[in-house]
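Coordinate inspection notes
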Amino acid sequence: SQQGEEDPQALSIQEGENATMNCSYKTSINNLQWYRQNSGRGLVHLILIRSNEREKHSGRLRVTLDTSKKSSSLLITASRAADTASYFCATTASGTYKYIFGTGTRLKVLA
Amino acid sequence: EAGVVQSPRYKIIEKKQPVAFWCNPISGHNTLYWYRQNLGQGPELLIRYENEEAVDDSQLPKDRFSAERLKGVDSTLKIQPAELGDSAVYLCASGKDRGRRETQYFGPGTRLLVL
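Residues numbered from 1 in each chain as written. Chains lettered and ligands numbered in written order. Predicted model: local features only at pLDDT ≥ 70, side-chain atom pairs only at ≥ 80, totals over all residues. Heavy atoms only, no water.

**Quick word on the environment of B:Gln104**
So the rule is basically this: Secondary structure elements follow DSSP: runs of H or I of four or more residues count as helices, runs of E of two or more count as strands, with numbering from the N terminus. A 1.4 Å probe rolled over the protein chains alone gives each residue an accessible area, and that area as a share of the maximum for its type sets the label: buried under 20%, exposed over 50%, partly exposed in between. In this description, contact between two residues means that some pair of their heavy atoms is separated by no more than 4.5 Å.
Checked against the element boundaries, B:Gln104 lands in the loop between strand 9 (88-95) and strand 10 (105-106). Among the residues examined, B:Gln104 registers a relative accessible area of 1% and is labelled buried. The residues touching B:Gln104, leaving out its near neighbours within four places in the chain, are A:Tyr35, A:His45, A:Tyr99, B:Tyr33, B:Tyr35, B:Ala93 and B:Ser94.

**As for the pattern of salt bridges**
Residues and elements named next belong to chain B. This is how it is decided: A pair is scored as a salt bridge if a Lys or Arg side-chain nitrogen falls within 4 Å of a carboxyl oxygen belonging to Asp or Glu.
By the definition in use, this model includes eight salt bridges over all chains. Of the charged contacts, one joins aspartate 86 and arginine 36 as a salt bridge, the two residues approaching to 4.0 Å between their closest N and O atoms. With a gap of 50 residues between them, aspartate 86 in the loop between strand 8 (75-79) and strand 9 and arginine 36 in strand 4 (residues 31-37) connect regions that are remote in the sequence. Judged by its relative accessible area of 2%, aspartate 86 falls in the buried class.

**Section: the sheet that holds strand 3 (residues 19-24) of chain A**
Strand pairing in a sheet takes place through backbone hydrogen bonds and is either antiparallel or parallel in direction. Residue and element names in this part refer to chain A. We apply this condition: Here a strand pair is declared whenever DSSP counts at least two bridges between the two strands. Whenever a helix is involved, its axis is fitted only over the stretch in contact; in every case the axis is a line through C-alpha atoms, and angles between N-to-C directions fall within 0 to 180 degrees.
Here five strands make up an open sheet; going across it, the order is 1-3-8-7-6 and the pairing antiparallel. Among the strands making up the open sheet, the edge pair consists of strand 1 (5-7) and strand 6 (55-58). With direction set aside, neighbouring strand axes in the sheet form an average angle of 20 degrees. Strand direction decides the pairing type here: strand 7 (residues 61-66) and strand 8 (residues 71-76), joined by six bridges, are antiparallel. Bridge pairing in strand 8 places valine 63 opposite leucine 74.

**Overview of the interface of chain A and chain B**
To be explicit about the condition: When two components associate, each loses some accessible surface as probed by a 1.4 Å sphere; the sum of these losses over both components is called the buried area.
The partner chain B presents 24 residues to the 24 residues of chain A that form the contact. Between chain A and chain B, the buried area comes to about 2000 Å², and carbon and sulfur atoms account for 48% of it. Among the residues of chain A in contact with chain B, A:Tyr97, A:Lys98 and A:Tyr99 are the three that bury the most area, contributing 30% of the side total. Applying the counting criterion to the chain A and chain B interface returns zero salt bridges.

In short, geometric facts, not functional conclusions.
Below, the structure written as structure tokens:
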């Protein structure tokens, strides 16, 4: 079974706009990671946020974590056509080493 | 640094046939994972290795799936016999930081189609 659910399932925006996608999960976590998957490729790690952190930045990426709501958001600023991909959140439940992936958000950035 | 290598990239077989996938992790990575990803879904863990030991195989369908990681490096995942529902992408990932903040590095996957 999958721990997380991303929202929206699909998102289409114009190049230069910001893209926001959300992840909700069910149990207490150690940390949460976001991964990107281009069509026909493996997943690429983007960013990790620990359960005691609330916000983290990496380049054009901004991740927030609200453990009280069991949710996280990924913001991609000034999107580019190359950002077109599926984005997945992955969590490790407290006390485990097992990563559980969400269902993904398919982002399409139109040039 | 070479990434995670998987082969074959694509495989088409008829149901009831056996199939095997191979993974070569990044050099120095002691943890290795096999995931199955169905169309439109996120990856689901099948088995996790620390060195040559399978430390979590609770979601591996052991009646038909088997895996091994000889000498704690390369790994193979086998399905025998394959069923129609096994059609999916099989992803291998490796990592080196034992613990709950480990980053996983994924291979390109093997796309399996069972007819």
